[in-house]
Amino acid sequence: MTVRVRIAPSPTGNLHIGTARTAVFNWLFARHHGGKFILRIEDTDEERSRDEFTENILDGLRWLGLNWDEGPFFQSKRLDMYKKAVQKLLDQGLAYRCYTSTSELDALREIQKARNEAPRYDNRHRNLTPEQESAFKAEGRSFVIRFRIDDDREIVWNDLVRGQVVWKGSDLGGDMVIARAAEDGVGQPLYNFAVVVDDMDMEITHVIRGEDHIANTAKQILLYEALGAEVPEFAHTPLILNQEGRKLSKRDGVTSISDFKRMGFTAEALVNYMTLLGWSPIDSTQEIFTLEEAAKQFSFERVNKAGAKFDWAKLDWINSQYIHTMSVEKLTNILIPYWEEAGYQPNRRNKQWLEKLVTLIGPSLTRFTDAVEMSKPFFKESIEYNDEAKAQLKQEESKKALEAVIEALHSTQELNENSSQDIIKHVMKAHNFKKPVVMKAVRASLTGETHGPDLIQSWLLLNQISLDQPRLQSALEFIKP
Ligand code: GLU
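Model, not experiment: these values are computed from the prediction. (Residues numbered from 1 in each chain as written. Predicted model: local features only at pLDDT ≥ 70, side-chain atom pairs only at ≥ 80, totals over all residues. Heavy atoms only, no water.)

Participant: Explanation requested: the overall build of the protein chain in the structure shown.
Facilitator: Tallying secondary structure elements over the protein chain gives 20 helices and 13 strands in all. Computed over C-alpha atoms, the radius of gyration of the protein chain comes to 32 Å, more than 25% over the 23 Å expected from 2.2 N^0.38 for 481 residues, which places it beyond the range of a compact globule. In terms of overall dimensions, the protein chain has a C-alpha envelope of 110 × 45 × 40 Å along the principal axes. Within the span of the protein chain, comprising 481 residues, buried residues form 49% of the whole. Of all intrachain contacts in the protein chain linking residues separated by at least 6 positions in sequence, the fraction that spans at least 24 positions is 76%. (Helix = DSSP H or I, 4+ residues; strand = E, 2+ residues; numbered from the N terminus. Rg over C-alpha atoms; globule rule 2.2 N^0.38 Å. Buried < 20%, exposed > 50% of the residue type's maximum accessible area, 1.4 Å probe, protein only. Contact = heavy atoms within 4.5 Å.)

See below:
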């Protein structure tokens with residue numbers, strides 16, 4: 001048997017982290033078994049589906065490296081097939097038209113509520129006579145198509161993550177709506193139905209999706225049986241939770257893959273992290289791996305039942321590992337658009353200078369976006385002192401150190417690694433200062449900050465665009481009242 005799995009996002013929003021993580025598990029499972037990973041866009045909800053969301057989903061999957069083997073298939077283009085399947089169930093008497101009005105359903109719900117019962121349809125139109133049907137039609141009532149669900153039925157499946165799952169037919173809310181009224185009398189198929197027809201048609205062997213679909217699975221198994229198809233295997237993956245242990249939602253801020261991209265995460269780090277959201281490798285201390293490496297050993301035995309807490313610190317750590325092992329050239333190319341967006345005009349510098357800057361700040365980056373703040377003193381014409389730098393400069397020793405540095409610079413032919421070290425040493429000796437005193441004064445003057453990358457290298461880089469002396473002078477002016 002060839003493993004065939006699918007990811008079936010609805011284009012009613014941008015690619016969500018939960019959907020992307022489900023895609024990761026599908027992809028890993030397919031690759032592990034040498035199977036196929038299929039992409040299906042579930043766009044039957046005409047009102048909420050939008051082309052821009054479809055684009056965002058495709059872009060996101062591509063960016064993450066979750067390449068698919070077949071598709072994208074669009075449900076909106078497959079309506080005929082669903083309608084045929086609805087007709088089949090109608091012909092077999094397994095489905096029927098239900099004319100219960102919204103107000104009747106509301107009234108039913110009120111009664112159930114008063115009795116403290118769970119809301120369910122009471123199957124009242126299950127066995128209408130042709131005369132009753134005609135009467136309803138004559139009244140001008142519209143209909144939905146319902147599929148018969150036997151209350152006594154027990155639905156059991158062996159979930160690849162959760163083990164045996166048992167559902168009672170009586171807990172499925174009564175006969176389920178599979179299609180809504182349409183002119184042709186067959187109706188517009190709904191989610192649970194279209195999914196089954198598609199999964200049958202695409203010969204899906206394993207349905208891997210979020211745990212929030214468990215109740216749908218029970219219903220869908222009944223539909224497979226009714227349509228005479230073999231029931232696939234199911235794996236319900238744990239939800240992604242926020243720090244409070246609730247399902248990660250829009251309220252938690254960032255949830256879509258494009259947001260993570262914008263925030264400066266690498267695709268490789270993000271998929272690496274998503275793989276760990278619910279799964280762990282055989283060597284559970286291993287935290288950094290590629291999708292291909294994870295695929296080699298992926299199995300549902302190592303997928304947790306419990307929800308997976310989203311951990312920003314861990315994602316940041318993984319991201320920094322990827323950034324720190326990136327070549328300077330690659331990292332420079334990635335950072336250029338971030339600098340451009342910040343208005344820094346990196347095109348006014350040569351490649352060598354940019355790469356030196358990246359060598360300098362690269363090891364301190366956690367996200368690409370960090371580069372904007374860290375490279376500010378190198379791109380901006382003027383700098384501002386932060387509070388710590390101000391306090392540093394206001395110290396008497398800083399003034400003396402800066403005056404001495406400027407003086408020493410006058411008699412320096414060329415500022416290079418050696419001469420800059422010499423200047424520092426000279427000033428230390430002349431005033432009997434400890435090294436940090438001199439370094440801190442110079443750093444605060446050059447960058448406006450008290451912390452940052454290697455000072456001598458920063459100084460040299462700044463000197464290449466001759467910003468060093470004016471900045472040392474301005475610092476003195478700032479110090480002098
Ligand atoms: N369209 C569904 C969703 O986005 C997919 C459900 C499924 O995988 O069957 O949640």
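Participant: Even after reading the chapter, I still don't get the pattern of salt bridges, so can you show me in this structure?
Facilitator: Pairing between side chains of opposite charge can happen when the charged atoms of each approach one another. Considering all chains together, one arrives at 23 salt bridges under this definition. Its salt-bridge partner being Asp45, residue Arg48 comes within 3.3 Å of it at the nearest N-O pair. A salt bridge links Arg50 to Glu52; the nearest nitrogen and oxygen atoms lie 3.3 Å apart. What emerges from the salt-bridge pattern is a single network uniting Arg6, Arg40, Glu42, Arg78, Asp198, Asp199 and Asp201. (Salt bridge = Lys/Arg side-chain N within 4 Å of Asp/Glu carboxyl O.)

Participant: How should I be thinking about the nonpolar core in this particular structure?
Facilitator: Generally speaking, a soluble globular protein has its nonpolar side chains buried in company with each other. Judged by nonpolar contacts, the single largest core of 52 residues is most densely connected at Leu28, Leu61, Leu64, Met274 and Phe310. Put simply, the parts of the chain that give this core at least two residues each are β1 (4-7), α1 (17-32), β2 (36-41), α2 (51-64), α8 (257-262), α9 (267-275), α10 (291-297) and α11 (312-324). (Core = buried A, V, L, I, M, F, W, Y, C linked by side-chain atoms within 4.5 Å.)

Participant: Help me out: how do you make sense of the packing of aromatic side chains in this one?
Facilitator: Here the structure, examined in full by the defined rule, presents 19 aromatic pairs. Here the aromatic residues Phe25, Phe29, Trp279, Phe289, Phe298 and Phe300 are joined through ring pairs into a cluster of three or more. Arg97 extends its terminal NZ or CZ atom over the ring of Phe143, reaching a point 5.5 Å from the ring centre. The ring of Phe478 has Lys394 sitting right over it, with the charged end atom 4.6 Å from the ring centre. (Phe/Tyr/Trp six-rings, centres within 6.5 Å; stacked < 30°, edge-to-face > 60°. Lys NZ or Arg CZ within 6 Å of the ring centre and 35° of its normal.)

Participant: Can you help me understand the site of the ligand in this one?
Facilitator: Around the ligand, the neighbouring residues are Arg6, Ala8, Pro9, Ser10, Glu42, Tyr191, Val195, Arg209 and His213. Here a nitrogen atom of the ligand and a side-chain polar atom of Glu42 are 2.5 Å apart. When the ligand is considered free in solution it has 300 Å² of accessible area, and contact with the protein chains removes 81% of it. For the shell around the ligand, a count of residues per class yields four nonpolar, two polar and three charged. (Near = heavy atom within 4 Å. Polar contact = N/O pair within 3.5 Å; in protein donor to acceptor, adjacent residues only side chain to side chain. Areas by Shrake-Rupley, 256 points an atom, 1.4 Å probe, with all protein chains shown as cover. Nonpolar A, V, L, I, M, F, W, Y, C, P; charged D, E, K, R; others polar.)

Participant: Looking at this structure, I do not really get a negative patch on the surface. What am I missing?
Facilitator: A contiguous patch of negative charge on the surface is contributed by Glu396, Glu397, Glu403 and Glu407. With respect to the secondary-structure elements, Glu397 resides in helix α16 (residues 396-410). A residue is classified by how much of its surface remains accessible, and Glu397, at 36% relative accessible area, is partly exposed. (Patch = residues over 30% accessible without salt bridge, like charges linked within 9 Å, V, L, I, M, F, W, Y side chains within 5 Å. Lys, Arg positive; Asp, Glu negative; His and termini not counted. Charge placed at Lys NZ, Arg CZ, Asp CG, Glu CD.)

Participant: Looking at this structure, I do not really get unusual backbone geometry. What am I missing?
Facilitator: Most peptide bonds take the trans configuration, and most residues that are not glycine carry a negative phi. Cis rather than trans, the peptide bond between Gly71 and Pro72 has omega equal to 5°. Inspection of the secondary structure assignment puts Pro72 in strand β3 (residues 70-74). In the Ramachandran plot, Glu203 falls in the positive-phi region, its phi being about 55° despite a non-glycine side chain. Along the chain, the position of Glu203 falls in the loop between α6 (191-201) and β10 (206-210). Exposure remark for Glu203: the relative accessible area of 56% places this residue in the exposed category. With a phi close to 55°, Gln345 is a non-glycine residue in the positive phi region. If you trace the backbone, Gln345 turns up in the loop between α12 (328-341) and α13 (351-361).

Participant: What's the story with the sheet that holds β3 in this structure? I'm lost.
Facilitator: In a beta sheet, neighbouring strands pair by backbone hydrogen bonds and run either parallel or antiparallel. Pairing within the open sheet is parallel, and its three strands lie in the order β1-β2-β3. Single-partner strands in this sheet number two, and they are β1 and β3. Within the sheet, the average angular offset between the axes of one strand and its neighbour, ignoring direction, is 25°. Pairing geometry for β2 and β3, over three bridges, is parallel. Within β3, the residue paired with Arg40 across the bridge is Phe73. Sheet contacts for α1: β1 and β2; angle to β1, the most-contacted strand, approximately 165°. (Pairing = 2+ DSSP bridges. Axes fitted to C-alpha atoms, helices over the stretch in contact; angles between N-to-C directions.)

Participant: Can you walk me through the sheet that holds strand β4 (residues 95-98) in this structure?
Facilitator: A sheet is described by the order of its strands in space; here four strands give the open sequence β4-β5-β8-β9, paired in antiparallel fashion. A single partner strand is all that each edge strand has here, and the edge strands are β4 and β9 (188-189). Pairing analysis gives four bridges linking β4 to strand β5 (residues 144-147), with the strands arranged antiparallel. Within the sheet, the bridge partner assigned to Ala95 lies in β5 and is Phe147.

Participant: It is not clear to me how the environment of Asp122 should be interpreted in this structure. Could you clarify?
Facilitator: As for its placement among the helices and strands, Asp122 is situated in the loop between α4 (102-114) and α5 (130-138). For Asp122, a relative accessible area of 36% puts it in the partly exposed group. Once the C-alpha coordinates of Asp122 and Glu396 are considered, the two residues, 274 residues apart in sequence, prove to be 86 Å apart. At 3.1 Å, the side chain of Asp122 forms a polar contact with the side chain of Arg124.

Participant: What exactly am I supposed to notice about the pairing of strand β6 (residues 154-159) here?
Facilitator: The two faces of a sheet get side chains in turn, since along a regular strand they alternate between them. Side chains of β6 alternate between two faces, with Ile155, Trp157 and Asp159 buried and Glu154, Val156 and Asn158 left unburied. When β6 meets strand β7 (residues 163-168), the two strands line up antiparallel, connected through six bridges. Within β7, the residue paired with Asp159 across the bridge is Gly163.

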